[in-house]
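So the chains spell out like this:
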Amino acid sequence: MGQSRSVRCLRLRADEPEASATAAAAQAVARQAGVGIGTVYRHFPQRADLVAAVFRHEIDACADAAPILAAEYAPAEALARWMQRYAAFIATKRGLAAALHSGNPAFDPLPAYFEKRLLPAFRALLDAAVAAGEVRADVDADDLLSAVANLSRQADEEGPVRAQRMVALLVDGLRYGANPQ
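Per chain, the residues get numbers from 1 upward, laid out in the order the sequence is written. In keeping with the model being predicted, local features are shown solely for residues with a pLDDT of at least 70 and side-chain atom pairs are shown and tallied solely at 80 or more, while totals for entire chains, interfaces and linings include all residues. Side-chain figures throughout are based on the complete set of non-hydrogen atoms in the structure, without hydrogens or water.

**Some remarks on the overall build of the chain**
- A run of H or I in DSSP becomes a helix once it reaches four residues, and a run of E becomes a strand once it reaches two; helices and strands are each numbered from the N terminus. Of regular secondary structure, the chain possesses nine helices and zero strands.
- Only heavy atoms matter for contacts: two residues are in contact if any of them lie within 4.5 Å across the pair. Considering only residue pairs separated by 6 or more positions, the chain has 70% of its internal contacts joining residues 24 or more positions apart.

This is the structure in structure tokens:
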């Protein structure tokens, strides 16, 4: 079983806040992945290992979407679509917040991994939109990522539709004061 297949198959289980490291949960994970329970424990000896692998996989998917969007859309549209994807990523990880901030050493490398993968992808999209004169130039990438994350968390109670609307408003604000080329 390849690591990417296991992460893809196990993502649903890891996102469930009530999922635990019990034998029943491990059996459910194995069943979902179509493997034996020994394979699950071999790849993910602790639940924290599974959660960290899923989180890295989701970070990679979000980062890898940036150049695809940049190739398919105008710079500001690619930026807007990526910001919506990032907002959805943040919203789906709310159930893992307690685990990620538990002090478990398996999660220690994740903030650096997040910065290493997501910030360059986002900066490339933002820089392209600025260079095209489609969004304002006085925006800090770190501030903007934090704003999207905060909007996603605050809209949590009303669901993803509100988060999408709030991020769309933020994107509209980026266009105000742009210098069309």
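**A look at the packing of aromatic side chains**
- In this scheme Phe, Tyr and Trp rings, the latter by its six-membered ring, pair at centre separations within 6.5 Å, and the angle between planes marks the pair as stacked below 30 degrees, edge-to-face above 60, and tilted otherwise. Per the stated rule, a full pass over the model turns up five aromatic pairs.
- Arranged with centres 5.5 Å apart and planes meeting at 5 degrees, the rings of tryptophan 82 and tyrosine 86 form a pair that is stacked. Of this pair, tryptophan 82 and tyrosine 86 both sit in helix α5 (residues 75-92), four residues apart, which is roughly one turn of that helix. There is no split in this pair, since tryptophan 82 and tyrosine 86 are both buried. Type-normalised accessible area, obtained with a 1.4 Å probe on protein chains alone, sets the label of each residue: buried when under 20%, exposed when over 50%, and partly exposed for intermediate values.

**Concerning the nonpolar core**
- Here, nonpolar core means buried Ala, Val, Leu, Ile, Met, Phe, Trp, Tyr and Cys residues that are tied together by side-chain atoms lying within 4.5 Å of each other. In this structure, Leu79, Trp82, Met83, Tyr86, Phe89, Leu118 and Phe122 are the most contacted members of the largest nonpolar core, which totals 39 residues.
- Residues in contact with leucine 79, not counting those within four places in the same chain, are Phe122, Leu125, Leu126, Ala129, Val135 and Leu174.
- Core analysis: the second largest hydrophobic core is formed by five residues, Val29, Ala30, Val35 and Val40 among them.

**Notes on the pattern of salt bridges**
- The salt bridge criterion pairs a side-chain nitrogen of Lys or Arg with a carboxyl oxygen of Asp or Glu, the two atoms within 4 Å. Scanning the entire structure with this criterion turns up six salt bridges.
- The shortest N-O distance in the salt bridge between arginine 117 and aspartate 60 comes to 2.8 Å. Placement of the pair is arginine 117 in helix α7 (residues 110-131) and aspartate 60 in helix α4 (residues 47-72), with a sequence separation of 57 residues.
- Overall, the relative accessible area of 24% leaves arginine 117 in the partly exposed class.
- The shortest N-O distance in the salt bridge between arginine 175 and aspartate 172 comes to 3.3 Å. Pair noted here: arginine 175 and aspartate 172 are both in helix α9 (residues 160-175), with a separation of three residues, about one helical turn.
- Connected via shared salt-bridge partners are Asp60, Asp64 and Arg117.

**Observations concerning the side chain of threonine 39**
- With respect to the secondary-structure elements, threonine 39 resides in helix α3 (residues 37-43).
- One polar contact links threonine 39 to arginine 42, side chain to side chain, over a distance of 3.2 Å. Any N or O atom pair separated by 3.5 Å or less is treated as a polar contact, with the protein-specific requirement of one donor-capable and one acceptor-capable atom, and with residues adjacent in sequence counted only for side-chain atom pairs.

**A word on α7**
- In a helix, the anticipated span is given by 1.5 Å times the number of residues less one. Here α7 is 22 residues long and its end C-alpha atoms lie 31 Å apart, about the 32 Å a rise of 1.5 Å per residue gives.
- Every buried residue belonging to α7 is among Leu110, Phe114, Leu118, Leu119, Ala121, Phe122, Leu125, Leu126 and Ala129, and all of these are buried.
- Following α7 by one or two positions, glycine 133 adopts a phi angle in the positive range, close to 75 degrees.

**Side note on the confidence of the model for the chain**
- Here the chain averages 81 in pLDDT, while 81% of its residues score no lower than 70.
- Counting interchain partners and residues more than four positions distant, the pLDDT-below-50 stretch residues 12-21 has 19 contacts. pLDDT is a residue-level measure of predictor confidence that goes from 0 to 100.

**What to know about the packing of α4 against α5**
- Here an angle of 0 to 180 degrees is reported between the N-to-C directions of two axes, which are lines fitted to C-alpha atoms, with helices fitted over the stretch in contact. Packing of α4 against α5 brings their axes to within 9 Å, and their N-to-C directions diverge by 170 degrees. Taken together, α4 and α5 sit at an angle that is classed as roughly antiparallel. Here Phe55, Glu58, Ile59, Ala61, Cys62, Ala63, Ala65, Ala66, Leu69 and Ala70 of α4 come into contact with α5, specifically with Ala78, Arg81, Trp82, Arg85, Tyr86 and Phe89. Orientation categories follow fixed angle ranges, with anything under 35 degrees roughly parallel, anything over 145 roughly antiparallel, 65 to 115 roughly perpendicular, and all other angles oblique.

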